[in-house]
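Spelled out from the first residue to the last, the chains are:
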Amino acid sequence: PDLPAKGDYLTRDNDPSDESGHGTLVAGIAAARADNGVGIAGVAPDAKLMALRGGVLLQAGGSFFEEDDLAAAILYAVENGADVINMSWGSDDGAFLITDALRYASDSGCVLVASSGNSGEMGLAHPGALDETIAVCAPDRNDAPASFNSTGVPLDLAAPGRNIHGTQPGNTYGRRSGTSFAAPFVSGFAALVLSRRPDLTAEQVRSILAQST
């Protein structure tokens, strides 16, 4: 309760309104509506989105996440039928609570996609560092990892993540960079694969994505 943050964050509720614009851009990359003559089209425009907010916007800028809130969001997604969980967030430190939640999600058949992190150093952010997730970095215009990427094993895929144009709250559009915006490209592709082959396991989806890049 004493966290110097702003907005709606003290109690859990069913209002996932985006207070920073980060999640809205991520969601648009994955599944913005196509063929409506407005803005952008998402990778999987017919996918159904389940928007879950597990963090708060700090007064000084940036975001803050608590392990129990993130784990609760993951469990909520699984229990309500999510096929793909996009995690455009991370930390240098792992958390047993989140690891357990993601293992449950993986055992339940969810495809788990995570950003690799933006430290610019070796060593992936968690949960991208976990074996259960598909870790995604962002290349620069020369197809080399952009300078802000966290890299290393077990990095799986690369997708656009620099100067990405996408949806923002208030029916607007903006540009942002980071591995957060690379991950939903892969989540959208995973949704497309599952739309054709809903019988595939999460590991089979990972193999198809990795072998077809």
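Check the entry above for the structure.
One numbering rule holds for all chains: residues counted from 1, following each sequence as written. Whole-chain, interface and lining totals are the exception, using all residues; otherwise, since this is a predicted model, local features are given only for residues with pLDDT of at least 70 and side-chain atom pairs are given and counted only at 80 or more. By convention in this description, side-chain values take in all heavy atoms of the structure and omit both hydrogens and water.

Caption draft 1: Structural view of the layout of surface pockets. A pocket here means an open set of points on a 1 Å grid, computed over the protein atoms alone, that has protein on both sides within 12 Å along at least five of seven lines. A cavity is instead a set of points where a 1.4 Å probe fits but cannot get out; residues with an atom within 4 Å of a point line either one. Grid points are joined across faces, edges and corners, and a volume is the space filled by probe spheres set on the points. Approximately 710 Å³ is the volume attributed to the second largest pocket. Looking at the second largest pocket, it is lined by 24 residues, and the ones nearest its centre are Thr11, Arg12, Arg53, Gly54 and Asp69. Going along the chain from the N terminus, every DSSP run of H or I of four or more residues is numbered as a helix, and every run of E of two or more is numbered as a strand. Broken down by element, the residue count for the lining of the second largest pocket peaks at four residues, all from helix 2 (residues 67-79). Each residue gets one label: Ala, Val, Leu, Ile, Met, Phe, Trp, Tyr, Cys and Pro are nonpolar, Asp, Glu, Lys and Arg are charged, and the others, such as Gly, are polar. Residues that form the lining of the second largest pocket fall into these classes: 13 nonpolar, four polar and seven charged.

Caption draft 2: Focus on the sheet that holds strand 5 (residues 111-115). Between any two strands, at least two bridges found by DSSP are needed for them to pair. If you walk across this open sheet you meet the four strands as 4-5-6-7, and the pairing is parallel. Of all strands in the sheet, those bounded by a partner on one side alone are strand 4 (84-87) and strand 7 (155-158). Across the sheet, the mean angle separating the axes of adjacent strands is 30 degrees when strand polarity is ignored. Two elements, strand 4 and strand 5, share four bridges in a ladder whose sense is parallel. From the neighbouring strand, Val84 faces strand 5, where its bridge partner is Val111. Any pair of residues with heavy atoms lying within 4.5 Å of one another is described as a contacting pair. To get an axis, a line is fitted to the C-alpha atoms, and for a helix only the part in contact is used. The angle between two axes follows their N-to-C directions and goes from 0 to 180 degrees. Docked against the sheet, helix 5 (residues 202-211) engages strand 5, strand 6 (134-137) and strand 7, running at close to 55 degrees with respect to strand 7.

Caption draft 3: Representation of the packing of helix 1 (residues 22-31) against helix 4 (residues 183-196) in the model. For the pair helix 1 and helix 4, interaxial distance at closest approach is 7 Å and the crossing angle is 35 degrees. Like other packed secondary-structure pairs, helix 1 and helix 4 cross with a definite hand, here right-handed. Contacts from Val26, Ile29 and Ala30 of helix 1 reach helix 4 at Pro184, Phe185 and Gly188. Crossing handedness follows the turn of the near helix against the far one: under a right angle anticlockwise gives a left-handed crossing, and clockwise gives a right-handed one.

Caption draft 4: Region of interest: unusual backbone geometry. For the peptide bond that leads from His126 to Pro127, omega is 15 degrees, which places it in the cis range. For Pro127, the position within the fold is in the loop between strand 5 and strand 6. Notably, Asp35 is not glycine yet its phi reads approximately 60 degrees, a positive angle. Mapped onto the elements, Asp35 comes out in the loop between helix 1 and strand 2 (55-58). Relative accessible area decides the class of each residue, using a 1.4 Å probe on protein chains only: under 20% of the type maximum gives buried, over 50% gives exposed, and in between gives partly exposed. Its relative accessible area of 84% is what places Asp35 among the exposed residues. In this structure, Asn163 takes a positive phi of about 55 degrees despite not being glycine. Position of Asn163 relative to the elements: it lies in the loop between strand 7 and strand 8 (164-168). Given the relative accessible area of 44%, Asn163 is considered partly exposed.

Caption draft 5: The arrangement of helix 3 (residues 96-107) in detail. Its twelve residues place the ends of helix 3 16 Å apart at the C-alpha level, agreeing with the 16 Å of an ideal helix rising 1.5 Å per residue. What helix 3 keeps buried is the set Ile98, Thr99, Ala101, Leu102 and Ala105. One side of helix 3 carries all its buried residues, which in axial view fall inside an arc of 165 degrees. Opposite the buried face of helix 3, by more than 90 degrees, sit the exposed residues Phe96 and Asp107. Looking at the buried side of helix 3, the elements it contacts are helix 2, strand 4 and strand 5. Looking one or two places after helix 3, you find Gly109, whose phi comes out positive at around 100 degrees. Given a helix with a known number of residues, its expected span is that number minus one, times 1.5 Å. Picture the helix axis, draw a direction to every C-beta atom, and the arc is the one those directions span.

In short, geometric facts, not functional conclusions.
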